[in-house]
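Below, each chain spelled out in residue letters.
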Amino acid sequence: MKKCLLMIGFVFVLFGCKQDFPEPESVSAAHIQHTQQKKLQVRHIVQGNNVFVECVVQGVSFASEKGKKNGKIIVYLDGKRFGEYHTAAFVMKGVKKGVHLVKIDIVSPHNESYHLSRNFYVTIS
């Protein structure tokens with residue numbers, strides 16, 4: 001009798017501890033592509049009072065290419081417009097000493113925003 005109760009208890013434990021794992025949620029491929037098209041990567045290097053900047057923008061071309069949006073880069077330094085660039089890599093020359101906030105904004109050739117921007121700080125010593 002004791003063995004029978006032990007066996008029944010073992011069966012309840014074995015089948016009672018089953019976990020129901022939820023099904024993974026699916027993500028549509030269109031959503032993934034849309035997110036990747038809006039991706040902007042910015043790298044910068046400070047040398048002296050110059051800041052070397054490189055922008056990698058998926059889906060936007062700074063040269064006239066078919067099949068891509070054309071764009072340009074507007075750079076702000078401490079909230080003031082510093083310059084406008086038509087290449088993915090450029091040099092901000094003559095930045096004064098101190099800590100500065102740089103804003104990179106990707107826009108169309110007609111200054112319509114693509115809602116792609118990045119902020120970063122640089123220290124010129």
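What counts, and at which threshold
Residues numbered from 1 in each chain as written. Predicted model: local features only at pLDDT ≥ 70, side-chain atom pairs only at ≥ 80, totals over all residues. Heavy atoms only, no water. Helix = DSSP H or I, 4+ residues; strand = E, 2+ residues; numbered from the N terminus. Buried < 20%, exposed > 50% of the residue type's maximum accessible area, 1.4 Å probe, protein only. Contact = heavy atoms within 4.5 Å. Areas by Shrake-Rupley, 256 points an atom, 1.4 Å probe, with all protein chains shown as cover. Pairing = 2+ DSSP bridges. Core = buried A, V, L, I, M, F, W, Y, C linked by side-chain atoms within 4.5 Å. Axes fitted to C-alpha atoms, helices over the stretch in contact; angles between N-to-C directions. Phe/Tyr/Trp six-rings, centres within 6.5 Å; stacked < 30°, edge-to-face > 60°. Patch = residues over 30% accessible without salt bridge, like charges linked within 9 Å, V, L, I, M, F, W, Y side chains within 5 Å. Salt bridge = Lys/Arg side-chain N within 4 Å of Asp/Glu carboxyl O.

Let us look at the overall build of the protein. Counting its regular elements, the protein contains two helices and nine strands. For the protein, the succession of helices and strands along the chain, N to C, is α-α-β-β-β-β-β-β-β-β-β. Relative to its full complement of 125 residues, the protein shows a buried share of 25%. For the protein, restricting intrachain contacts to residue pairs at least 6 apart in sequence, the fraction spanning at least 24 positions comes to 49%. Entry remark: accessible area of the protein is about 9500 Å², with carbon and sulfur atoms responsible for 58%.

On to the pairing of strand E8 (residues 98-107). Bridge count between strand E5 (residues 72-77) and E8: six bridges; the pairing is antiparallel. Directly across from Ile73, in E8, lies its bridge partner Ile106. Sheet analysis places E8 next to strand E9 (residues 113-124), joined by 10 bridges and oriented antiparallel. Counted as the bridge partner of His100 is Val122 from E9. Where E8 folds back onto E9 in an antiparallel hairpin, the turn is made up of five residues, including Asn111, whose phi is positive at roughly 65°.

Of all hydrophobic cores here, the largest spans 22 residues; its most connected members are Ile73, Phe90, Met92, Ile104 and Ile106. Where this core is concerned, the elements lending two or more residues are strand E2 (50-57), E5, strand E7 (89-92), E8 and E9. In terms of residue count, E9 provides more of this core than any other element does, five residues in total. Once you skip the residues sitting within four places of it in the chain, Ile73 turns out to touch Cys55, Phe62, Gly83, Glu84, Tyr85, Thr87, Ala88, Phe90, Ile104, Asp105 and Ile106.

Within the open sheet, the three strands sit side by side as E1-E2-E7. Their pairing is antiparallel. The open sheet terminates on both sides in strands that have one partner only, identified here as strand E1 (40-47) and E7. Within this sheet the neighbouring strands show an average axis-to-axis angle of 20°, counted without direction. Where E1 meets E2, eight bridges bridge the pair, whose relative direction is antiparallel. Looking across to E2, one finds that Leu40 is bridged to Val57.

Evaluated as defined, the whole model comprises one aromatic pair. Aromatic pair Tyr85 and Phe90: ring centres 4.0 Å apart, planes at 10°, arrangement stacked. Each member of the pair, Tyr85 as well as Phe90, is classed as buried.

Quick look at a nonpolar patch on the surface now. Together, Val99, Leu101 and Tyr121 make up a nonpolar patch on the protein surface, roughly 310 Å² of accessible area in all. Here Tyr121 is to be found in strand E9.

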